[in-house]
Amino acid sequence: MNTYIDFRSDTVTRPSPAMLDTMMQARVGDDVFGEDPSVNELESLAASMFGMEAALFCPSGTMTNQIAIKCHTQPGDEVICDADAHIYQYEGGGIAFNSGCSVKLLSGDRGRINAEQVRQAIQPDDVHRARTSLVCVENTSNRGGGSCYEWEALEKIKQVCAEHHLAFHIDGARLFNAMVAKGQSPQQYGALFDSISICLSKSLGCPVGSILLGSKSFIKQARRIRKVLGGGMRQAGFLAAAGIYALTNNIDRLQKDHEHARLIEAALENKPFVASILPIETNIIIFETKGITAKELVEKLKQHQILGYAIAPYRVRLVLHLDITEAMVARTIEVLNAL
Ligand SMILES: *Cc1c(COP(=O)(O)O)cnc(C)c1O
């Protein structure tokens, strides 16, 4: 697949030679015994970046989210999130499977819910009702086309959570994209949320891995649940070393992906086969096609060695990431202009 320009997802990145080199040098031990120095270093690096007490390295973002939901709830509770949220749409019904909770879906603005919606969705204290215990937001929103929250909007939701004693979790699979786009800091997020999930395997370029952040007691419970789910890894330091490399080297460059997304957006504007484009905020481009289905357009692009993803009958998604070079973006624009 190396000859393709692959915009299907930011998960398709391969570790760079420098990242691989760091992985090969990693000192390792048995992480289930707490003895892997590289995993320990990654967890304390992430925790200190966010100003949180503790962190837990996990195989996937699905696992970090699902562990957080399990820790914050009891069976029969209800979780509030946007209808487009990854935790609801793409985690295999995990909220029901793992935590036995029901979900109150809100219809947000491109994946972003607001404080008033949350307030109205909280169940009254009544034996007939499920007990609302957790609010989850996603930043950036995947199905929202990489949209991100204004800081004040998150603060207002936190206020509602505090008033009603609800836990507040953020699915930050692409949180660094949001922070770069909005000029926000990890410390801000660490101070606002009870738990944070970040993915290392997306735009940050790691082959595997996500991190869950929270208080010491939360992470202690999370570690138990990770084991139950089969996520206790042994010499995981080889993977953690990639995470340390990514957190040290691959954050600032996300700006480039956002610039690339805007260049491609400009090329898509006013094309006869494009009906509309979701506002570009970060590294995700979602557009509606016209006169051609998403599948047909993706097939056409493939003939030019360009891979996209048909996410709905007339909806195409293109995602920028660190394996998409400036030259590849230029080539893509050339192809789009000639279609
Ligand atoms: C990718 C992603 C995740 C986690 O996915 P995994 O493939 O399990 O790592 C979680 N939330 C969002 C919004 C995502 O895009």
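Scoring rules and cut-offs
- Residues numbered from 1 in each chain as written.
- Predicted model: local features only at pLDDT ≥ 70, side-chain atom pairs only at ≥ 80, totals over all residues.
- Heavy atoms only, no water.
- UniProt positions renumbered as here; feature names shortened; annotations may be inferred.
- Helix = DSSP H or I, 4+ residues; strand = E, 2+ residues; numbered from the N terminus.
- Rg over C-alpha atoms; globule rule 2.2 N^0.38 Å.
- Buried < 20%, exposed > 50% of the residue type's maximum accessible area, 1.4 Å probe, protein only.
- Contact = heavy atoms within 4.5 Å.
- Areas by Shrake-Rupley, 256 points an atom, 1.4 Å probe, with all protein chains shown as cover.
- Lys, Arg positive; Asp, Glu negative; His and termini not counted.
- Charge placed at Lys NZ, Arg CZ, Asp CG, Glu CD.
- Salt bridge = Lys/Arg side-chain N within 4 Å of Asp/Glu carboxyl O.
- Pairing = 2+ DSSP bridges.
- Axes fitted to C-alpha atoms, helices over the stretch in contact; angles between N-to-C directions.
- Polar contact = N/O pair within 3.5 Å; in protein donor to acceptor, adjacent residues only side chain to side chain.
- Near = heavy atom within 4 Å.
- Nonpolar A, V, L, I, M, F, W, Y, C, P; charged D, E, K, R; others polar.
- Expected span 1.5 Å × (residues − 1).
- Domains from an automatic or database assignment.
- Buried area = accessible area lost by both parts, 1.4 Å probe.

Identification of the chain as L-allo-threonine aldolase from Mycovorax composti is taken from an unreviewed UniProt entry. According to UniProt, the comment filed for the chain under the heading Sequence similarities (unreviewed entry) is "Belongs to the threonine aldolase family." The Cofactor (unreviewed entry) comment attached to the chain in UniProt states, word for word, "pyridoxal 5'-phosphate".

Asks: Please clarify how the overall build of the chain should be interpreted in this entry.
Replies: Along the chain, the regular secondary structure elements total 14 helices and 13 strands. The C-alpha atoms of the chain give 20 Å as radius of gyration, which agrees with the globular expectation for 339 residues (20 Å, within 12%). Counting only C-alpha atoms and orienting by the principal axes, one finds that the chain spans roughly 60 × 50 × 35 Å. Scored against the burial criterion, the 339 residues of the chain give a buried share of 54%. The long-range share in the chain, meaning contacts at least 24 apart out of those at least 6 apart in sequence, stands at 74%. Accessible surface computed for the chain: about 14,600 Å², of which carbon and sulfur atoms make up 51%. Computed over 34 positive and 38 negative side-chain charges, the inter-centroid distance for the chain is 3 Å.

Asks: For this particular structure, what's the right way to read the pattern of salt bridges?
Replies: In a structure, side chains of opposite charge can pair up when their charged atoms sit close to one another. A full pass over the atoms with the stated rule returns 16 salt bridges. Of the charged contacts in the structure, one is a salt bridge between E288 and R315, with a shortest N-O distance of 2.6 Å. Here R315 lies in strand 13 (residues 315-319) and E288 lies in strand 10 (residues 284-289), a separation of 27 residues in the sequence. Judged by relative accessible area, E288 falls into the partly exposed class, the value being 25%. A salt bridge links E334 to R331; its shortest N-O distance comes to 2.8 Å. Taken together, the positions of E334 and R331, both in helix 14 (residues 326-338) and 3 residues apart, correspond to about one turn of that helix. When salt bridges with common partners are traced through the structure, they connect D109, R110, R112 and E281 into a single cluster.

Asks: What exactly am I supposed to notice about the sheet that holds strand 10 here?
Replies: Adjacent strands of a sheet pair through backbone hydrogen bonds, lying either parallel or antiparallel. Pairing in this open sheet of 4 strands is antiparallel, and the strands run 9-10-13-12 from one edge to the other. The two strands at the open ends of the sheet, each matched to only one other strand, are strand 9 (274-277) and strand 12 (309-312). Sheet twist, expressed as the mean angle between neighbouring strand axes with direction ignored, is 35 degrees. Against the sheet, helix 13 (residues 294-302) makes contact with strand 10, strand 12 and strand 13, and its axis sits at roughly 175 degrees relative to strand 12, the strand it touches most.

Asks: Teacher, can you tell me more about the side chain of T64 here?
Replies: For T64, the location among the structural elements is in helix 3 (residues 61-72). Overall, the relative accessible area of 0% leaves T64 in the buried class. Polar contacts involving the side chain of T64 include one to the side chain of S197, which spans 2.8 Å. Setting aside anything within four residues of it in sequence, one finds T64 in contact with C58, S197, S210, I211 and L212.

Asks: I tried to follow the site of the ligand on my own but got confused; where do I start?
Replies: Around the ligand, the surrounding shell holds 13 residues, and the nearest of these are G61, T62, D171, R174 and K202. T62 places a polar side-chain atom, nitrogen or oxygen, 2.6 Å from an oxygen atom of the ligand. Between the ligand and the protein, one listed contact pairs an oxygen atom with a side-chain N or O atom of K202 at 2.8 Å. Ranked by residue count, the leading element in the shell around the ligand is helix 3, at 3 residues. Its residues assigned to classes, the shell around the ligand shows 2 nonpolar, 6 polar and 5 charged.

Asks: Can you help me understand the sheet that holds strand 5 (residues 131-138) in this one?
Replies: Taken in spatial order, the 7 strands line up as 2-8-7-6-5-3-4 in an open sheet, and their pairing is mixed. The strands lining the two open edges of the sheet, one partner per strand, are strand 2 (54-58) and strand 4 (102-106). Along the sheet, successive strands turn relative to each other by an average axial angle of 20 degrees, direction set aside. Most of the contacts of helix 2 (residues 37-50) go to strand 2, to which it runs at about 130 degrees, and overall it touches strand 2, strand 7 (195-199) and strand 8 (210-214).

Asks: What is the right way to read helix 7 (residues 151-163) from this model?
Replies: Helical periodicity: at 3.6 residues per turn, an α-helix aligns residues three or four positions apart in one direction. Between its terminal C-alpha atoms helix 7 stretches 19 Å, which fits the 18 Å expected from 13 residues at 1.5 Å a residue. Listed as buried for helix 7 are W151, L154, I157, V160 and C161. Considering only its buried residues, helix 7 is in contact with helix 6 (115-121), strand 5, strand 6 (167-172) and helix 9 (186-192). With its phi angle positive at about 55 degrees, H165 sits one or two positions after the end of helix 7.

Asks: For this particular structure, what's the right way to read the domain arrangement of the chain?
Replies: Think of interface size as the accessible area that goes away when the parts come together; that is how it is often given. Its domain assignment divides the chain into domain 1 (5-12 + 252-338) and domain 2 (17-249). When each unit is reduced to the centre of its C-alpha atoms, the spacing between domain 1 and domain 2 is 28 Å. Listed by partner, the interface residues are 18 residues for domain 1 and 22 residues for domain 2. Broken down residue by residue, the surface that domain 1 buries against domain 2 is led by D10, L254 and E281, which jointly contribute 36%. Here domain 1 and domain 2 share 3 salt bridges between them. Across the pair R112 and E281 runs a salt bridge, and its minimum N-O distance is 3.4 Å. Our count for the domain 1 to domain 2 interface comes out at 9 residue pairs in polar contact (both at pLDDT 80 or more). Top contributing element to the side of domain 1 that touches domain 2 by residue count: helix 12 (residues 254-268), with 4 residues. Here the side of domain 1 that touches domain 2 is built from residues that sort into 7 nonpolar, 5 polar and 6 charged.

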